[in-house]
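Geometric and topological summary
Spelled out from the first residue to the last, the chains are:
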Amino acid sequence: MTMTVLFDELGGPEVLRLADLDAGEPGPGEVRIRVDAIGLNRAEALFRSGTYVYPPSLPGSRLGYEAAGVIEAVGDDVEGFSVGDAVSAVPTFLMTEYGTYAESVVLPAHALIHRPEAVDAVIGAATWMSYTTAYGLLVEYGDIKPGDTVLINAASSGVGLAAIQVANHLGAVPVATTRTSAKAQRLLDAGAAHVIATEEQDLVKEVLAVTDGRGVELALDAVMGPAVNTLVQAVVPDGALLFYGWLDTTPAPMPIAPDFRGRTLRTYAFTELTIESKPRLRRATHFINAGLRSGSLAPVIDETFALADVVAAHRYLESNAQFGKIVLTVDH
């Protein structure tokens with residue numbers, strides 16, 4: 001039997017419960033792994049509350065996209081993986097099909113990558129959602145070039161910090177935003193070239209000041225809401241504003257011309273890279289592994305919680321107090 005996190009109704013962190021279930025045997029194309037660490041993502045909080053892009057299957061819904069561990073069993077028609085291999089899970093599935101919040105889980109083999117010996121379970125569980133999202137935004141869709149300036153909204157999140165590192169890795173200039181100056185120095189220490197506290201400073205004025213009046217070539221926004229009209233004004237006329245989240249659920253107005261004329265406005269979902277395009281996922285995997293090996297990409301871990309403390313971990317996830325990734329650890 002394996003401790004598994006489930007929920008039977010939509011709601012806050014308190015709806016999560018622990019249950020002892022049979023992990024089961026992997027079927028064709030599947031692998032069972034002993035889970036050592038689990039990366040938490042905002043997507044799972046939205047899924048639990050019923051505000052994600054697809055609804056959970058209730059009752060008894062699982063959740064979780066990221067994990068790292070060791071292979072316990074391999075199903076038929078699986079190549080390249082063996083019992084005892086250290087692996088990480090890449091989010092190439094829907095949470096209505098599989099979940100990672102458990103001591104042992106069955107996942108599709110296409111969701112696993114070999115974890116290098118130098119990458120421990122916590123780092124292995126904290127990498128793939130954030131960095132595939134950041135890679136897709138900056139490289140595949142943002143088309144960032146060396147010397148370009150990137151504005152990263154909500155930069156203290158896992159994706160935000162990953163985007164700072166990816167931008168630096170590409171030779172671009174990352175400009176981070178945060179609501180107040182409380183996290184400003186930490187963002188600078190994390191690699192941001194400039195930090196703008198949006199509740200204390202004029203965003204557009206500050207962007208123009210640090211770009212010699214030009215604006216940014218790319219803006220990444222996980223917030224949306226009414227601030228979209230301001231954010232788009234910081235983008236150069238032929239630049240792009242990519243939306244990948246909606247932390248502010250207030251309706252976002254369509255920016256008014258000429259603020260968005262000539263600019264590309266686009267929503268982005270990580271599934272466009274991890275599920276819908278094998279070539280993009282292959283490129284992302286090589287890019288991220290190269291960065292991990294060189295040290296230019298290194299997930300920032302804010303805090304770890306035991307799997308049994310998943311409710312407290314989700315409360316912390318929704319507090320917006322964290323700086324980087326929250327990870328659940330599993331003792332065996």
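These notes cover the structure that comes with them. (Residues numbered from 1 in each chain as written. Predicted model: local features only at pLDDT ≥ 70, side-chain atom pairs only at ≥ 80, totals over all residues. Heavy atoms only, no water.)

Every buried residue of helix H6 (residues 203-210) is accounted for by Leu-203, Val-204 and Val-207. The arc that holds the buried residues of H6, viewed along the axis, is 95°, so those residues lie on one side. What points out from H6, more than 90 degrees from its buried face, is the exposed set Lys-205 and Ala-209. Contacts from the buried residues of H6 go to strand E8 (149-152), strand E9 (173-178), strand E10 (194-197), strand E11 (216-221) and helix H7 (228-231). Backbone nitrogen of Val-204 and a side-chain oxygen of the N-cap are separated by 3.2 Å at the start of H6; the cap is Asp-202. Immediately beyond the C-terminal end of H6, within one or two residues, lies Asp-212, with a positive phi of roughly 55°. (Buried < 20%, exposed > 50% of the residue type's maximum accessible area, 1.4 Å probe, protein only. Helix = DSSP H or I, 4+ residues; strand = E, 2+ residues; numbered from the N terminus. Arc of directions from axis to C-beta. Contact = heavy atoms within 4.5 Å. Polar contact = N/O pair within 3.5 Å; in protein donor to acceptor, adjacent residues only side chain to side chain.)

What follows deals with the pairing of strand E12 (residues 235-243). Within E12, 7 of the 9 residues are buried, which leaves it mostly tucked inside the rest of the structure. Where E11 meets E12, 5 bridges bridge the pair, whose relative direction is parallel. Pairing of Val-216 across the sheet is with Val-235, part of E12. Relative to strand E13 (residues 264-267), E12 runs parallel, the two sharing 4 bridges. Along E13, the bridge assignment pairs Leu-241 with Leu-265. (Pairing = 2+ DSSP bridges.)

Rolled over the atoms, a probe as big as a water molecule pinpoints where empty space is left. Quantified by volume, the second largest pocket comes out at close to 330 Å³. Around the second largest pocket, the lining comprises 14 residues; the ones closest to its centre are Thr-92, His-110, Thr-274, Lys-278 and Leu-281. Where the lining of the second largest pocket is concerned, the elements lending two or more residues are strand E7 (112-114) and helix H9 (278-294). Looking at which element gives the most residues to the lining of the second largest pocket, the answer is H9, with 4 residues. Across the lining of the second largest pocket, the residue classes tally to 6 nonpolar, 5 polar and 3 charged. (1 Å grid on protein atoms, 1.4 Å probe; cavity = no way out; pocket = protein on both sides within 12 Å on 5 of 7 lines; lining within 4 Å. Points joined across faces, edges and corners; volume = space filled by probe spheres on them. Nonpolar A, V, L, I, M, F, W, Y, C, P; charged D, E, K, R; others polar.)

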